[in-house]
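# Structure at a glance
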Amino acid sequence: MAIRTIRVMGDEILEKKCREIKEVTPRIQELIDDMFDTMYDANGVGLAAPQVGILKRVVVIDTDGTGYVLINPEIIETDGSQTGQEGCLSLPGKYGIVTRPNYVKVRAYDENMEPFELEGEGLLARAICHECEHLEGVMYVEHIEGELMDVETDIEE
């Protein structure tokens, strides 16, 4: 397992649509493991394959200590709305206000290519929407309300 370089906004790969995964090969499994390592190392809650330079339809998410792998995810249901701060590992130090569904149901495949559905509310719903959009070449900045803002850091002396 390894920490991969996270591509940043402006990198053309982040604007491209990803290809479907037909089978989980050892290389895909290594990608998934590396994506979790990279996401945790960067203190993120989600990461999509194009963010590490791979145009494959896979995302990893962990908003509460439970890691999810979504292969070829497809959002099949949404409800409600939530408006809040959203950031992205591909745009470090910035955030914007984005409105997303408060409830999301996604259909995907797990690491064994077994189909499953995942339902999420709040932060999990936001993360599912955010990461699935990466697979379509869309970044959250296309949805921000107002301006992109700098994350303020607290420095203790």
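Below: a short report on this structure. (Residues numbered from 1 in each chain as written. Predicted model: local features only at pLDDT ≥ 70, side-chain atom pairs only at ≥ 80, totals over all residues. Heavy atoms only, no water.)

### Considering helix α1 (residues 26–41)
- Relative to the 22 Å expected for 16 residues at 1.5 Å per residue, α1 spans 22 Å between its end C-alpha atoms, a close match to the ideal helical length.
- Of all the residues in α1, the buried ones are I28, L31, I32, D34, M35, F36, T38 and M39.
- Each element contacted by the buried residues of α1 is listed here: β1 (46–48), β2 (58–61) and β3 (68–79).
- Looking at the residues trailing α1, positive phi occurs at N43, about 60°. (Helix = DSSP H or I, 4+ residues; strand = E, 2+ residues; numbered from the N terminus. Expected span 1.5 Å × (residues − 1). Buried < 20%, exposed > 50% of the residue type's maximum accessible area, 1.4 Å probe, protein only. Contact = heavy atoms within 4.5 Å.)

### A closer look at the side chain of E86
- Inspection of the secondary structure puts E86 in strand β4 (residues 82–86).
- Since its relative accessible area comes to 4%, E86 is described here as buried.
- At 2.7 Å, the side chain of E86 forms a polar contact with the side chain of R100.
- Residue contacts for E86: discarding those within four places in its chain leaves Y95, G96, V98, R100, R126, H130 and Y140. (Polar contact = N/O pair within 3.5 Å; in protein donor to acceptor, adjacent residues only side chain to side chain.)

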